[in-house]
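# Coordinate analysis (summary)
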Amino acid sequence: MIEVHEVSKMYGKKKSLDRLSLSVKKGQVYGLLGANGSGKSTLLKVLATVTDASGGNVTIAGYDIKKQAKPIRELIGFVPQELSIWEEVTVFENVRYWSAFSSKKLTKSALITHLEKIGLGDRANDKVKTLSGGMKRKLNIVIALLHDPDILLMDEPTVGIDFQSKFEINQLIKQLANEGKTIMYTTHDVVEVLFLCDEIGVLKDGQLYYSGTLGEARGKAGAVASDWSDEEVLYRLVNGQLF
Ligand SMILES: Nc1ncnc2c1ncn2[C@@H]1O[C@H](COP(=O)(O)OP(=O)(O)OP(=O)(O)O)[C@@H](O)[C@H]1O
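Not measured: the values here are computed from a predicted model.

Moving on: the sheet that holds strand β8 (residues 182–186). Ordered by their spatial adjacency, 6 strands build an open sheet running β6-β7-β8-β3-β9-β10, and the pairing between neighbours is mixed. Each having just a single partner strand, β6 (76–79) and β10 (207–212) make up the two edges of the open sheet. For this sheet the average axis-to-axis angle between neighbouring strands, irrespective of direction, equals 15 degrees. Sitting on the sheet, helix α1 (residues 40–47) is in contact with β3 (29–34), β7 (151–155), β8 and β9 (199–204), with an inclination near 150 degrees to β7.

Laid out in C-alpha cells, this is it:
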C-alpha cells in the first residue's frame, strides 16, 4: 500500500531523510519509531503530501506521489503532531470547517455521528478551548477520519494525554485496523507498540535501521537477547543499539 524507495529530504544542508526505503502492506498497523530528530515526522509529512521529498520515489496504492497527489490525498487521512483545530469556535464548527475540504459532503447528523464515535458527541456545541487535552487529541484525529480514508498517517496521536483518553484512542486505532485500514503512526510509547503494531520500522539519522516484528528483531539480535524483556529489546532497537 505504501512503497518508499530511496527517499531523501534536505532542510538546507541538513539531511532529515537519507535514501530511506520501506514498505507497508495493506491492512497493516505499522509503528514508526526512532529517537527524537530521527526523521519520523518528516517521513509522514512527505507521505501526506505536506512536503516534497528532495529525492527518491513514493507510491501509495499504486499512485505516484509526484504526479498523482490528488488521488493520494483522497485516500489518506493525516493526523499531524501539532493540533490543527480552532480553540475559539465549537467542536462541531471545527469538523464542519474541515469537512468542507473533502469531496464527500457530510450532513450535520453524519458529522455528529463521527463525534459520537470518538466520545465527543455531547461536547459538539462547546468551544474547543473548554476541552481537556485528551479531548483535543480526539478531535484532531476525528478530522482526519471525516472522508473515510483507506490509509491513516498519525504523528504521535496520543502524545501527552491521560491514560483513559490514550486507551480510547488506541481502541479506535485497533477498530480502524480491523475494518481493513492501513495505519502508519509514530509513538514513543512502549505499550502502544506492543498492543497495536503488526510491524515496526525504526529510523536512525534519517535511515531505516530496522523493519519487521519485535520477535524478528529479538531473533536477529541472537542468544544474548533471549532473556531481555520486550521493553528492553524495544529500547535497544529504538536507540539503534540492538544489532
Ligand atoms: N522545517 C524544518 N526545517 C529545518 N529542519 C527541520 C525541519 N523539520 C525537521 N527538521 C529537522 O529534521 C530532523 C528530523 O526531524 P523530525 O521532526 O522528522 O524528527 P522526529 O523523528 O519526528 O522527531 P520527534 O520524535 O522529536 O518528533 C531534525 O534534525 C529536525 O531538526
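A separate point is the nonpolar core. Core analysis: the largest hydrophobic core is formed by 57 residues, its most contacted members being Leu 47, Val 58, Ile 60, Leu 153, Ile 183, Met 184 and Val 202. In terms of residues, this core owes the most to one element, helix α5 (residues 133–145), which gives 6 residues. Not counting residues within four places of it along the chain, the set of residues in contact with Leu 153 comprises Leu 44, Leu 47, Ala 48, Ile 76, Phe 78 and Met 184.

So, on to the sheet that holds strand β2 (residues 14–24). The strand order β2-β1-β4-β5 describes an open sheet built from 4 strands, whose pairing is antiparallel. Every interior strand has two partners, whereas the edge strands, β2 and β5 (63–64), have only one. The pairing of strand β1 (residues 2–11) with strand β4 (residues 55–60) spans 5 bridges and is classified as antiparallel. Bridged to Ser 8 within β4 is Gly 55.

We now examine the site of the ligand. The environment of the ligand is made up of Tyr 11, Lys 14, Ser 16, Gly 34, Asn 36, Gly 37, Ser 38, Gly 39, Lys 40, Ser 41 and Thr 42. Listing elements by their share of the shell around the ligand, those giving two or more residues are β2 and α1. Here the shell around the ligand takes 3 residues from α1, the largest share from any one element. Class assignment of the residues belonging to the shell around the ligand gives a composition of 1 nonpolar, 8 polar and 2 charged.

Scoring rules and cut-offs
Residues numbered from 1 in each chain as written. Predicted model: local features only at pLDDT ≥ 70, side-chain atom pairs only at ≥ 80, totals over all residues. Pairing = 2+ DSSP bridges. Helix = DSSP H or I, 4+ residues; strand = E, 2+ residues; numbered from the N terminus. Axes fitted to C-alpha atoms, helices over the stretch in contact; angles between N-to-C directions. Contact = placed C-beta atoms within 7 Å. Core = buried A, V, L, I, M, F, W, Y, C linked by C-beta atoms within 7 Å. Buried ≥ 20, exposed ≤ 12 C-beta atoms within 10 Å, placed from the backbone. Near = placed C-beta within 6 Å. Nonpolar A, V, L, I, M, F, W, Y, C, P; charged D, E, K, R; others polar.

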